[in-house]
Amino acid sequence: MLLVGELINASRRAVGEAINSGNSSYIARLAKVQHEAGADYIDVNAALSVKEEPERLVWLVELVQARIRAPCCIDSPNPEAIEGALTAHDNSNGPAMINSISLERDRYEFFLPVIRGADVKVVALCMSDAGIPQTAEQRLAIAGELINGLVRVGITIDNIYVDPLVQPAAT
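Quick rundown of the packing of helix H3 (residues 53–67) against helix H4 (residues 79–88)? Include the residues and the values.
Across the interface, H3 lies against H4 with an axial gap of 8 Å and an inter-helix angle of 30°. On the basis of their axis angle, the class for H3 and H4 is roughly parallel. The way H3 lies across H4 gives a crossing that is right-handed. Contacts between H3 and H4 involve Glu53, Pro54, Leu57, Val58, Val61, Glu62 and Gln65 from the first element and Glu80, Ala81, Ile82, Gly84, Ala85 and Ala88 from the second.

Dropping the structure here:
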């Protein structure tokens, strides 16, 4: 089992403000707390704006890896941002993880060339352009197509993590 710490996400107000202001001590503290709590990967998400995301995601990867000895889980819908972050990622503590790819055609077609032949782990979400499937059979079909596509571009089966997007029965 791999544990991914997901506190460094620009959608959280304090984190977004820290990213905007370049508050490296706040981000480093979040990374350290998660790592010390047992996170194998530190998720980094800088999706505040499409224009600035590639540069900010690289900054997050470099900052986190300068402060702790752990790989990053790179969380972005932007292939350009992913590509830059992968280039900046230091794999000496383990390969980066990409969060995430799905069978949504635009996302799928943009991401496959970016990760082709890369030494990365990939989270594969069981969803397509039709949304999150309602049946287990539909989710399995999407998972199979995602896994086969990832293997075709050189991602090893051991580096693919399928997220079935289980929904709660009640909250």
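Summarise H4; cite the residues concerned and give the values.
Residue pairs three or four apart in sequence face the same way in an α-helix, which turns once every 3.6 residues. Within the sequence span of H4, burial applies to Pro79, Ala81, Ile82, Ala85 and Leu86. For H4, the angular spread of the buried residues around the axis is 155°, confining them to a single face. Opposite the buried face of H4, by more than 90 degrees, sit the exposed residues Glu80 and Thr87. As for H4, its buried residues are in contact with H3, strand S3 (72–75), strand S4 (97–103) and helix H5 (105–115). The opening residue of H4 is Asn78, an N-cap whose side-chain oxygen sits 2.8 Å from the backbone nitrogen of Glu80.

I'd like a rundown of the sheet that holds S4, residues and numbers included.
If you trace the six strands from one edge of the open sheet to the other, you get S1-S2-S3-S4-S5-S6, paired in parallel fashion. Two strands in the sheet have a free side with no partner beyond their single neighbour: strand S1 (4–9) and strand S6 (160–163). The average undirected angle you get between the axes of adjacent strands in this sheet is 30°. Relative to S3, strand S2 (residues 41–45) runs parallel, the two being bridged by three bridges. In the sheet register, Asp43 faces S3, and the bridge partner there is Cys73. Sheet contacts for H5: S4 and strand S5 (121–128); angle to S4, the most-contacted strand, approximately 140°.

Account for the nonpolar core, with residues named and values stated.
One finds Ile8, Ile27, Val64, Ile74, Ile101, Ile115 and Leu150 to be the most contacted residues of the largest nonpolar core, which totals 45 residues. Contact partners of Ile27, with chain neighbours within four places excluded, come to Ile8, Val15, Ala18, Ile19, Trp59, Leu60, Leu63 and Val64. The next biggest cluster of nonpolar side chains, apart from the first, holds seven residues, and it includes Tyr41, Cys73, Met127 and Leu165.

Can you tell me about the pairing of S3, naming the residues and giving the values?
Alternating positions in S3 separate into two faces, Cys72 and Ile74 on one and Cys73 and Asp75 on the other, with burial throughout. Traced from S2 through H3 to S3, the parallel crossover comes out right-handed. The handedness of the S3 to S4 crossover, carried by H4, is right-handed.

Explain the environment of Ile155 to me, using residue names and the numbers behind them.
Within the element layout of this structure, Ile155 appears in the loop between helix H6 (136–152) and S6. C-alpha of Ile155 to C-alpha of Leu112: the two residues are 43 residues apart in sequence and 9.9 Å apart in space. If we ignore the near neighbours within four places in the chain, the residues touching Ile155 are Ile115, Ala118, Val120, Val122, Leu150 and Ile160.

Break down the layout of surface pockets for me, with residues and values.
For the largest pocket, the calculated volume is near 170 Å³. If you trace the largest pocket, you find it lined by Leu2, Val4, Glu6, Asp43, Cys73, Met97, Asn99, Val123, Leu125, Tyr161 and Asp163. Looking at the lining of the largest pocket, its residues break down into seven nonpolar, one polar and three charged.

Just give me the short version of the packing of helix H1 (residues 13–21) against helix H2 (residues 24–36), but keep the residues and values in it.
Interaxial distance between H1 and H2 falls to 8 Å at its minimum, and their mutual angle equals 130°. Here H1 lies oblique to H2, going by the angle between them. Facing H1, whose interface residues are Ala14, Val15, Ala18 and Ile19, H2 presents Tyr26, Ile27 and Leu30. Grouping the constituent residues of the contact of H1 with H2 by class yields seven nonpolar, no polar and no charged.

What counts, and at which threshold
- Throughout this document, residue positions are counted from 1 along each chain, in the order its sequence is written.
- For this predicted model, a pLDDT threshold of at least 70 governs which residues receive local features, and a threshold of 80 or more governs which side-chain atom pairs are given and counted, while totals over whole chains, interfaces and linings are taken from all residues.
- As a rule here, side-chain values come from all non-hydrogen atoms in the structure, and water together with hydrogens is ignored.
- Lines are fitted to the C-alpha atoms to define the axes, a helix being fitted only along its stretch in contact, and any angle between axes, read from their N-to-C directions, falls within 0 to 180 degrees.
- Only runs of H or I of at least four residues qualify as helices and only runs of E of at least two qualify as strands under DSSP, and these elements are numbered from the N terminus.
- Working rule for angles: under 35 degrees goes down as roughly parallel, over 145 as roughly antiparallel, 65 to 115 as roughly perpendicular, anything else as oblique.
- For any helix crossing, the convention is left-handed if the near helix is rotated counterclockwise from the far helix by under a right angle, and right-handed if that rotation is clockwise.
- We call two residues contacting when some pair of their heavy atoms lies within 4.5 Å.
- The rule is simple: take the accessible area with a 1.4 Å probe, protein chains only, and divide by the maximum for that residue type; under 20% is buried, over 50% is exposed, in between is partly exposed.
- What the arc covers is the set of directions going from the helix axis to the C-beta atoms.
- Two N or O atoms form a polar contact when they lie within 3.5 Å of each other; inside protein one atom must be a possible hydrogen donor and the other a possible acceptor, and for residues adjacent in sequence the pair counts only when both atoms belong to side chains.
- Two strands are counted as paired when DSSP detects at least two bridges linking them.
- Buried Ala, Val, Leu, Ile, Met, Phe, Trp, Tyr and Cys residues form a nonpolar core when they are joined through side-chain atoms within 4.5 Å.
- Crossovers are described as right-handed under a simple rule: with the strands pointing away from the observer, the path leading from the first strand over the helix to the second runs clockwise.
- Space inside and on the surface of the protein is sampled on a 1 Å grid over the protein atoms alone, with a cavity defined as a set of points where a 1.4 Å probe fits but cannot get out and a pocket as an open set with protein on both sides within 12 Å along at least 5 of 7 lines; lining residues have an atom within 4 Å of a point.
- Grid points are joined across faces, edges and corners, and a volume is the space filled by probe spheres set on the points.
- Each residue gets one of three labels, nonpolar for Ala, Val, Leu, Ile, Met, Phe, Trp, Tyr, Cys and Pro, charged for Asp, Glu, Lys and Arg, and polar for the others, Gly among them.

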